[in-house]
Amino acid sequence: MIVTLWIILTATFFLMYTMPGDPTQASSKVLPEAVEKNLKAKWGLDKPVTEQYVIYLKNLFQGNMGESYTTPGLTANQVIGERFPASLRLGIQAVIVGLILGIILGVLAAFNRGKWIDFITIFIAILGVSIPSFVFAALLQKYVAGGYFPIVGWSTAGMSIPEIFQYTALPTLSAAISGIATYSRYMRSSVLDVLGSDYILLAKSKGLSKFQIIKRHIMRNAITPIISIVAPQVASIVTGSFVIERIFSVPGLGRYYVDSVNGRDYPMILATTLFFSMIFIVCMVGMDILYAIVDPRVRKSIIEGKERREHKVTEEKDLMTEEMFQCVGIDEQSSETLVRPSISYWQDAIRRLKKNKVAMISLVFLIFMILMCIFAPYIYPHAYNEQNIEFVNQGPIK
């Protein structure tokens, strides 16, 4: 996990400096040359990129994620603490709504295969996958908002439950539409597979009702594939609702992340990228743990795999010991007093890595990408820092 976060941080840091312009040129105001020079010296931008990278890592290890360039005195820790709760709330609500509606639609479509409910579910799934969430959000703003539901805004402390529903319903539904489509499609296919199993036919022959069959036999077996896609959905919704937050003016971390990129606010970009990456990794690890808890077959395969690996290592050690003793001419009785050779986890990992050609190619490609990120500012022919952002963002002249 730490290595993954370091790779993401390193790639983001060096790619960030290939963006056109710098923080002193991000605003619409043209600053005097002396002011730009003083700001670069204050922020450390006058130093080499590699030196800035080392300084940032030192500060990061001390818990200091930097201070905003556009808002002096505002630290990255404060921004995350103030704005992430809104993004987290929007993400959790969207995941819950998507799971509930998706599972219900998937089960109804599977039990009514070929009927109008099945066709409606398939239509919703295709619609949700095809239409981006921001397009759906714009349609909701145009045709639904304006009356009971406000066009923009977010709930604040002290609001009643109906008021909270008014402000959070449309953003939540916009963020949940892709989840509803995905969950309903997967749930329909999974339930159809389970319905053809022998134990379902046995349960029907015993006279169990549909509700009892769904509760005792279908849900636990059919919901397992859903778990494998919930974690990426949670991570993507919690960390990736940038456009939704922007459209509905939700004071979340995603909206601030977009503003930081536009404003070339380097500390804020690095802090939010690192924080979002950490959330994504934690969600993926949590998915693996939850998958093993829900499905006994996964736990059994993990235990059996561990036993096979231990048995294989024992056999390899025995074979190595026997070959070594035969080479030096030691008999079996004397060999019992000697210590068997062992290999460390790193040696075993390197040995397995050398055998896996795909992993070796991926490792070489990863190292190449990291080197390109580090040396790109030196080998790229264009001087981005000398460009004028005002002319770059200017529209066509009529």
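Residues numbered from 1 in each chain as written. Predicted model: local features only at pLDDT ≥ 70, side-chain atom pairs only at ≥ 80, totals over all residues. Heavy atoms only, no water.

Caption draft 1: Inspection of the overall build of the protein chain at higher detail. A count of helices and strands for the protein chain gives 18 helices and zero strands. Counting over 398 residues, the protein chain shows a buried share of 36%. Counting contacts in the protein chain only where the partners sit at least 6 residues apart, residues at least 24 apart contribute 72% of the total. Entry remark: accessible area of the protein chain is about 24,500 Å², with carbon and sulfur atoms responsible for 65%. (Helix = DSSP H or I, 4+ residues; strand = E, 2+ residues; numbered from the N terminus. Buried < 20%, exposed > 50% of the residue type's maximum accessible area, 1.4 Å probe, protein only. Contact = heavy atoms within 4.5 Å. Areas by Shrake-Rupley, 256 points an atom, 1.4 Å probe, with all protein chains shown as cover.)

Caption draft 2: Broad picture of empty space enclosed by the protein. Going through the model one piece at a time under the given rule, you end up with two cavities of 30 Å³ or more. Estimated volume of the second largest cavity: approximately 40 Å³. In this structure, the second largest cavity is lined by Pro150, Ile151, Val152, Gly153, Gln166, Tyr167, Leu170, Pro171 and Phe248. Classifying every residue of the lining of the second largest cavity by side-chain character gives seven nonpolar, two polar and no charged. (1 Å grid on protein atoms, 1.4 Å probe; cavity = no way out; pocket = protein on both sides within 12 Å on 5 of 7 lines; lining within 4 Å. Points joined across faces, edges and corners; volume = space filled by probe spheres on them. Nonpolar A, V, L, I, M, F, W, Y, C, P; charged D, E, K, R; others polar.)

Caption draft 3: Expanded view of the packing of helix α4 (residues 76-111) against helix α12 (residues 253-262). Orientation of α4 relative to α12, taken along the N-to-C sense of each, is 125°, at an axis distance of 7 Å. Compared by their axis directions, α4 and α12 come out oblique. Contacts between α4 and α12 pair Val79, Ile80, Arg83, Phe84 and Ser87 from the former with Leu253, Gly254 and Tyr256 from the latter. Counted by class, the contact of α4 with α12 contains five nonpolar, two polar and one charged residues. (Axes fitted to C-alpha atoms, helices over the stretch in contact; angles between N-to-C directions. Parallel < 35°, antiparallel > 145°, perpendicular 65-115°, else oblique.)

Caption draft 4: Fine view of helix α6 (residues 133-143). The complete set of buried residues in α6 reads Phe136, Ala137, Leu140 and Gln141. The buried side chains of α6 occupy one side of the element, clustering within an arc of 140° when seen end-on. Structural note: α6 exposes Lys142 and Tyr143 on the side pointing more than 90 degrees away from its buried face. Check the buried side of α6 and you find it contacts α7 (161-195) and α11 (242-247). (Arc of directions from axis to C-beta.)

Caption draft 5: Representation of the side chain of Ser277 in the model. Note on placement: Ser277 falls in helix α13 (residues 266-294). A polar atom in the side chain of Ser277 sits 2.7 Å from the backbone oxygen of Thr273. Apart from the residues within four sequence positions on either side, Ser277 is in contact with Leu5 and Ile8. (Polar contact = N/O pair within 3.5 Å; in protein donor to acceptor, adjacent residues only side chain to side chain.)

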